[in-house]
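# Topology and contacts: notes
So you can see what is in the structure, the chains are spelled out below.
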Amino acid sequence: MAKSPAVLPLPLLLPPEVHRPASQAEAEIPQPLWLALVFPKLALEVHDDQRSDIPAVAVKEYKGRSVVHTASRLAEVQGVRAYMPVNAACALCPGLKVYPVNEQLQHDRLQQLAVWAEQFTSKVNVQSPQAMLLEVRGSLKLCGGLSAIQDQIRQQLTAQWRQSCHSAVSPPPMASQLLANSGESDVVHNKQHLRSVLGGLSVNNLPIGLKKKQQLRNTGVRLLRDLWRLPRHALARRFGPELISYLDRTLGLIPDPLDFFSSPDEFETFYEFPMEVHNTALLLNVAGQLLQQLVIFLRQRDVCINQCQFQLYHDRCAATNIIVGVRQATRDHKHLISLLEEHLNRLSLAAPVMSIKLSANDFILFSPEDLSLIHISEPTRPRLVSRMPSSA
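Summary of the structure given here. Note that the structure is a prediction, hence the values are computed from the model and not measured.

## Some words on the sheet that holds strand E4 (residues 97-100)
Sheet architecture is open: 3 strands sit in the order E3-E2-E4, paired in mixed fashion. Sheet topology places strand E3 (65-71) and E4 at the edges, where each strand pairs with a single neighbour. Each neighbouring strand pair of the sheet contributes to a mean axis angle of 45 degrees, computed without reference to strand direction. Of the pairings in the sheet, the one linking strand E2 (residues 56-62) to E4 comprises 4 bridges and is parallel in character.

Next comes the structure, spelled out in structure tokens:
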């Protein structure tokens, strides 16, 4: 079972399950369209207590010393930069909060974001450590066009995830990611236009090591258009065939097969409180936000539930189990949160709560046309869900 990371999203209203038509021009785009989402501050934003009004950095070890990996915007304003020694960063920015780079937290957050992204497309590719690729060509009609998809993604990333993001769109996935990495938000519908769009990007945005970037600059290569002017055989000999392959994939000259993310058939999400929780009001607030994640999960699969389970973990005693059951299967957030509130109002905590987990694993097909609900057995659930028409 794949476990979700600790995520405390801001309260939001779940969007209504409606779809708008795409424009005719967008619907007739002949090539795939890859939407790249790059999360430049992910190493900081995975820490739940990270605040935008306090300068902060995530640090890592580089050549035997601690250096800045990611700096918050407030720290950047005060001159803190990547690869700066931590001592120098603290001297520049008094009151700087320092976090370690936590690769596991970043991986878990990307996995959870990939589950969330499946509401827009079934073709999601995770690019560790801080990016995702979504093929959205097939979703234009369903989601109301490219602008509508981008607007929904921006709104949900800000409101639900508190996640900063750069995005770009083009036919080759690597071109989209390169544009997003550079902070550009271009939308390129035709790969024949890529040379002119990408040519002005700095070679610093290429996914190659610092040493190779410096070697390129030493030869007078500053921009991608400078790189394309060099003889291919000389470039391959000096920098390796991998760079040639990457450049060709970026321009869409050769295929770029990607592995698609496969979300778990069972839902589980977890949150660890930064301090002991003694009252049920805070529990309800956090549990309600975990339920929002569950509702999004259910909508993506056109399924609903007749029960879900919360586990409240304490320091020195057994976990408290709360089963929220319904008479008729549902995926309505307000209904579930009201039932949970009733449970919590009757609950007397045996000990302070340290963390909370929400899980659900028995899904039922959702059919708004008639009220009959077909129970999905474990062996046949994936096949049945994939064959059901979208009802959202």
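From this point on, the discussion continues.
## Regarding the sheet that holds strand E7 (residues 166-170)
The strand order across the open sheet built from 4 strands is E5-E6-E1-E7, with neighbouring strands paired in antiparallel fashion. Strand pairing shows two members of the sheet lacking a second neighbour, strand E5 (124-127) and E7, which therefore form its edges. In this sheet, adjacent strand axes meet at a mean angle of 20 degrees when their direction is disregarded. Bridge count between strand E1 (residues 34-38) and E7: 5 bridges; the pairing is antiparallel. Bridged to Trp-34 within E7 is Ser-170. Helix H5 (residues 103-117) rests against E1, E5 and strand E6 (131-135) of the sheet, and its axis sits at about 20 degrees to E6.

## Observations concerning the packing of aromatic side chains
The description of two aromatic rings rests on the distance between their centres and on the angle between their planes. Enumeration over the complete set of coordinates arrives at 8 aromatic pairs. A ring pair is formed by Trp-116 and Phe-120, whose centres lie 5.6 Å apart and whose planes are at 75 degrees; its orientation type is edge-to-face. Assessed through its relative accessible area of 2%, Phe-120 is described here as buried. Between Phe-297 and Phe-363, the ring centres sit 5.7 Å apart and the planes meet at 45 degrees, which makes this aromatic pair tilted. Pair noted here: Phe-297 is in helix H14 (residues 280-301) and Phe-363 is in strand E12 (residues 363-365), with a separation of 66 residues, a long-range link. A relative accessible area of 2% places Phe-297 in the buried class. Among the aromatic residues, ring-to-ring pairing joins Trp-116, Phe-120 and Trp-161 into one connected group. The ring of Trp-228 has Arg-195 sitting right over it, with the charged end atom 5.0 Å from the ring centre.

Here is what the cut-offs are and how they apply
- Residues numbered from 1 in each chain as written.
- Predicted model: local features only at pLDDT ≥ 70, side-chain atom pairs only at ≥ 80, totals over all residues.
- Heavy atoms only, no water.
- Pairing = 2+ DSSP bridges.
- Helix = DSSP H or I, 4+ residues; strand = E, 2+ residues; numbered from the N terminus.
- Axes fitted to C-alpha atoms, helices over the stretch in contact; angles between N-to-C directions.
- Contact = heavy atoms within 4.5 Å.
- Phe/Tyr/Trp six-rings, centres within 6.5 Å; stacked < 30°, edge-to-face > 60°.
- Buried < 20%, exposed > 50% of the residue type's maximum accessible area, 1.4 Å probe, protein only.
- Lys NZ or Arg CZ within 6 Å of the ring centre and 35° of its normal.

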